[in-house]
Every structure is written in C-alpha cells, then in structure tokens.
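Given next are the chains, with one letter for each unit.
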Amino acid sequence: SGVLVIPATVSHEGQSYTVTAIGERAFSGCTEIRMVSIPPTVTAIGSYAFYGCVGIGDPVVIGEDVTRVGLSAFYGCAQLPAVVFKARRCMFMGGSLATAVFGNCGRLTKVTIGEEVTRIPDYAFCGADGLSNTVVLPESLEYIGEYAFSFCSKMRGEVVIPDGVTTIGECAYNQCHAITSLTLGAAVDTIGSRDFYKCIGLRTVMVRTTTPPRMESSTFGSWLMVNGERVKGEGVMVSVPCVSKTLYEKDATWSELGVFKTHGSCSFTVEADVLVNGSWFMVHGSWLEGSERGVRREKGDSA
C-alpha cells in the first residue's frame, strides 16, 4: 500500500519488545513508501535509514524523545513536503552539509518545531534548500546549533530568536539569502561566527538584550567588506535598547555595524542605601540614557 507503520512493540517467542530505534539503512532506497509513521517509543533513527525514499509524500514526525538522527537519514526524499520536529533534546542530527539529514529534499517547504523543544541540533536542517517558509521557534528553545539552518537559501521573512535562547552556534543561518528581518531575544549572549553571513536580504535587526552579545566581525560578514575594504553596514537598520545604545556604540564589534536606532524606554531606575550625616536613606533614581544626572527621590528622615 506504500504505508509504512513502524510498531511501538514487537513480539518474538512470546516475549514483547519495545521498538526504540530504526537501524542504519533500514528502509534506504524503498522508493514505493508513500507515508511513514514512527512511534513515540523511538529514540534513535539510524544513518541513511530512509535515504532515497523518493515516494514519501506525507509529513514526517520526529518524536519527542528522539535524541539522535543519523547521517543523511532522509536525504533525497524528493517528495517530502513537511517535517514536524518534536524532539525535545536531540543531541545529534547529521554531521555536515554533505551528510545533511534533509539534503536534496527539494519539496520540503515547511518545518514545524514543537512547543517543548529546547535545542535545535547542529546541522539539523542544513541544506534544506526547498525550505521557503520561515521556521517559527518556540519560547521553550535554549540553543540553536551550528549550521542549523545554513544554506536554506529560500527561507524568507522574519526570524525571531526567542528570549530563552542564550547561544546561537556558528553559521546557524549562514547564506539564508531571503531573510528580511531578525529579532535577537533578551537572553542571547553569544552569536557565532558567520551566523548571518551573506544574508543579503536582511533589512532590519532588532536586538533586545541590554548587554551587547559576544560576536565575531564575521557574524554579519557580508555587510562589512566591499572590494576587500571594511565598511559600515548599508541599507540595514539595527535597533538596540535605548538604555544600552552607548554600550553598543562602544563595543568594538557591534560598532562596526553602523549607526544604531533605538527602541524601548530611554530611562532606567536605580535604588541604593545612602549614609548621610549618620542616617541611612533609601534613594530612588531615574536617569535618562546619556545623562550624567537624574531625578532623585529620597525616602527617610530629611537630611
């Protein structure tokens, strides 16, 4: 029938066994498979398990407890239209562009990430060059792996990095030419080298973290070199928190991106205990960014 249903359990000589893995090359080259159902008991999908299964025309679901997807596991599934990725803590998924899990899947246009996923593994969707819709990342996400979406040249629209993400591995969105907008969440502290290299369609970048994330000059490399000379970014608006504008302007790497726009309030408050003539006072201050003095309100006995 072309429908492959992998069971959650199998029996042999009266003994029941749980199916926890799909072996290497298990269904490689089975061109008549149209749909595959993988049970939630599976935690590992072997290398080349569905390699060249050109007939799969229904979405594939990667279950919540999958921790490993082997090299080129779905490579060459030319009719595969969509992937639902629910693996909450997958640690391995392919190993290079040459062994990309979803490489040469020309009709793979949509990837849906489950709401409980905490990490996108290294190389997860690298080279999925048919992927045309921006992948919405869940609020549960903490880590985006190296080369996770690199060479997805048709991925278009807005990329929003959730506030829970602290690290974006190198080359994560390298050469995603059609991305037009990027928002970096409030907890991002490390952005890898060449992460947004040659994202030539990028026009707006909004950074939500008040402390400039660590990054390399090559992170937005295509903005910075013209005819071999380092230049300021042109045609790209970079917006940073108003209270942190000075920090970004003084940062050696961020300052290379050009003139910053700002968003959010330009004031912040500080509370401190102050000893005056032997008496302690609670001091509340409101300051404007760039100002050396602020409005002060004191609580306690008058000094």
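Let me sum up the structure you'll find in this document. None of these values were measured; they are calculated from a predicted model.

Details of the pattern of salt bridges
- On inspection of all chains with the given rule, the structure shows five salt bridges.
- Its salt-bridge partner being arginine 88, residue glutamate 64 comes within 3.8 Å of it at the nearest N-O pair. Of this pair, glutamate 64 sits in the loop between β7 (60-62) and β8 (68-69) while arginine 88 sits in the loop between β9 (82-85) and β10 (92-93), and the two are 24 residues apart along the sequence.
- For aspartate 163, the salt bridge is made with arginine 208, and the minimal N-O distance between the two is 2.9 Å. With aspartate 163 in the loop between β14 (157-160) and β15 (167-168) and arginine 208 in the loop between β18 (204-207) and α1 (221-224), this residue pair connects regions lying 45 residues apart in the sequence.
- Overall, aspartate 163 belongs to the partly exposed group, its relative accessible area being 28%.
- The structure contains a network of salt bridges with shared partners spanning Glu64, Asp65, Arg88 and Glu116.

Some details on the sheet that holds strand β12 (residues 119-120)
- Spatial strand order, β12-β13-β15-β17: four strands in an open sheet with parallel pairing. Here the strands that pair on one side only, and so sit at the sheet edges, are β12 and β17 (190-191).
- Across two bridges, the pairing between β15 and β17 is parallel. Paired with isoleucine 168 across the strands is isoleucine 191, a residue of β17.

What about the nonpolar core?
- Counting residues in each nonpolar core, the largest one holds 72 residues, and the members touching the most others are Ile45, Phe50, Phe74, Ile161 and Tyr173.
- No other element matches strand β16 (residues 179-184), which puts three residues into this core.
- Beyond its immediate chain neighbours, meaning those up to four positions away, tyrosine 173 contacts Leu137, Ile144, Phe149, Ser150, Met155, Val159, Ile161, Ile179, Asp195, Phe196 and Cys199.

A look at unusual backbone geometry
- Notably, glutamate 13 is not glycine yet its phi reads approximately 50°, a positive angle.
- Position of glutamate 13 among the secondary structure elements: in the loop between β2 (9-12) and β3 (15-18).
- Using a relative accessible area of 74% as the deciding quantity, one classes glutamate 13 as exposed.
- If you check the backbone angles, tyrosine 147 has positive phi at about 60° while not being a glycine.
- The topology assignment puts tyrosine 147 in the loop between β13 (143-144) and β14.

Quick notes on the rules
Residues numbered from 1 in each chain as written. Predicted model: local features only at pLDDT ≥ 70, side-chain atom pairs only at ≥ 80, totals over all residues. Heavy atoms only, no water. Salt bridge = Lys/Arg side-chain N within 4 Å of Asp/Glu carboxyl O. Helix = DSSP H or I, 4+ residues; strand = E, 2+ residues; numbered from the N terminus. Buried < 20%, exposed > 50% of the residue type's maximum accessible area, 1.4 Å probe, protein only. Pairing = 2+ DSSP bridges. Core = buried A, V, L, I, M, F, W, Y, C linked by side-chain atoms within 4.5 Å. Contact = heavy atoms within 4.5 Å.

Honestly, that's just the spatial picture; any functional story needs more than this.
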